[in-house]
Amino acid sequence: MATMRSMPPPGQHGGDGAAVARAFGLDPKNVLDLSHSLNPLAPDPRRLMERHLDSLRRYPDAARATAALAEAMGVDEELLLLTNGGAEAIHLVSAEIGGRVVEPEFSLHPRHGGPLWRSNPHNPSGLLAPPGEHARVWDEAFFALATGRWTRGDADAVVVGSLTKLFGCPGLRIGYVLVPAAAAGMIDRCRRRQPEWSVNAMAVSALPDLLATADLAAWSAGVRSLRNQLVDVLRAHGLRPEPSDANWVLVPGPELRACLAPHGIVVRDCTSFGMPEMVRVAVPTPEGLERLHRALTVIEQGAPGPAADGQWPSDRPYALQVVPKKGVS
């Protein structure tokens, strides 16, 4: 397959691996997509999902999955609603109460006025909110990986989350809304806003088994160790990652995305956060760290790396452009 030999524009929310694979003629299975921040320690879900193929022949029933998640989180299942990914959770709560953010903030959060929304850890900076900070809605899609706990547990806050980040299966689409007891009626209102069978049958069938694989404390500690190793790799190649508590780091270097893409490695452009000078690099597996190190070594030598068909995607040498370090406001 011939390569397009041009860099595709970044998507709004990361996950650009498929687009980069098409652009450079790469097999998507061989792309290391660090533009979406998944749990690098989650077990491969494919074998587990094979046990739930029969669910494809049934309409979904979310009751058992909701009960399993409530038990795992230690919350009342009447205060919990499963959703079609974190995106639907955000949409449902936003439609109920509106909202505002302090920029930069995750682009799916509402910005049309109302109560304060806040990602925790903050997306894009990766920093956890201090104990005294409050928000009406916390987006805790990455909280468990940062802390080893399911939720911060603010008694007066609504929580939206994404389980597909935690279990490393974004194609499955499982999220949730969790409300405080004083706002229990919001769950019924959000449920009425959902289309029928919003969460697919494979997701609700597999969720109890996925939850049984969760080891939040070990995953959080492992992500911390891998993040430290990622920082070491980046610094060894002249890059200056920002401090982070999350399963990613921000890095000044607007050319880094274009440099790495021909090597089948994708990082997230942060222009959608209003930060075009930054990229966000997800914490990879140990194998991914080694691959990233090798690619950066080749880039420093001025070679872009071959595409899947062995052809160079460009005659122009790639060189890392590191910009002066800037704080994240």
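Up top is the structure.
Residues numbered from 1 in each chain as written. Predicted model: local features only at pLDDT ≥ 70, side-chain atom pairs only at ≥ 80, totals over all residues. Heavy atoms only, no water.

### Things to note about the pattern of salt bridges
Here is step 1 of the chain: Counted under the stated rule, the structure contains 11 salt bridges.
Here is step 2 of the chain: Residue E96 pairs with R193 through a salt bridge whose shortest N-O separation is 2.7 Å. Highlighted residues: E96 in helix α4 (residues 85–97) and R193 in helix α7 (residues 185–193), separated in sequence by 97 residues.
Here is step 3 of the chain: Relative accessible area serves as the criterion here: at 21%, E96 is assigned to the partly exposed category.
Here is step 4 of the chain: The salt bridge partner of E290 is R294, with a shortest N-O separation of 3.8 Å. Here R294 and E290 lie together in helix α11 (residues 286–300), a separation of 4 residues that amounts to about one turn.
Here is step 5 of the chain: Given the relative accessible area of 39%, E290 is considered partly exposed.
Here is step 6 of the chain: One network of salt bridges, with partners in common, ties together E96, R189 and R193. (Salt bridge = Lys/Arg side-chain N within 4 Å of Asp/Glu carboxyl O. Helix = DSSP H or I, 4+ residues; strand = E, 2+ residues; numbered from the N terminus. Buried < 20%, exposed > 50% of the residue type's maximum accessible area, 1.4 Å probe, protein only.)

### Focus: the sheet that holds strand β7 (residues 248–252)
Here is step 1 of the chain: Here 4 strands make up an open sheet; going across it, the order is β1-β8-β9-β7 and the pairing mixed. Edge positions in the sheet fall to β1 (32–34) and β7, since each has one partner strand and no second. Within this sheet the neighbouring strands show an average axis-to-axis angle of 30°, counted without direction.
Here is step 2 of the chain: Where strand β8 (residues 265–269) lies against strand β9 (residues 278–282), 2 bridges are found, and the strand directions are antiparallel. Of the residues in β9, the one forming a bridge with R268 is R280. (Pairing = 2+ DSSP bridges. Axes fitted to C-alpha atoms, helices over the stretch in contact; angles between N-to-C directions.)

### Considerations on the environment of H122
Here is step 1 of the chain: By secondary structure assignment, the location of H122 is in the loop between β3 (117–119) and β4 (137–139).
Here is step 2 of the chain: In this structure H122 comes out as buried when scored by relative accessible area, which is 7%.
Here is step 3 of the chain: Separated by 29 residues in sequence, H122 and V93 place their C-alpha atoms 19 Å apart.
Here is step 4 of the chain: Setting aside its immediate chain neighbours within four residues, H122 contacts P104, E105, L127 and W248. (Contact = heavy atoms within 4.5 Å.)

### Overview of helix α9 (residues 216–236)
Here is step 1 of the chain: When the terminal C-alpha atoms of α9 are compared, their 30 Å separation across 21 residues agrees well with the 30 Å that a helix rising 1.5 Å per residue should span.
Here is step 2 of the chain: Contacts from the buried residues of α9 go to α5 (143–147), α6 (163–166), β7, β9 and α11.
Here is step 3 of the chain: Taken from the residues just after α9, G238 is the one with a positive phi, measuring 85°. (Expected span 1.5 Å × (residues − 1).)

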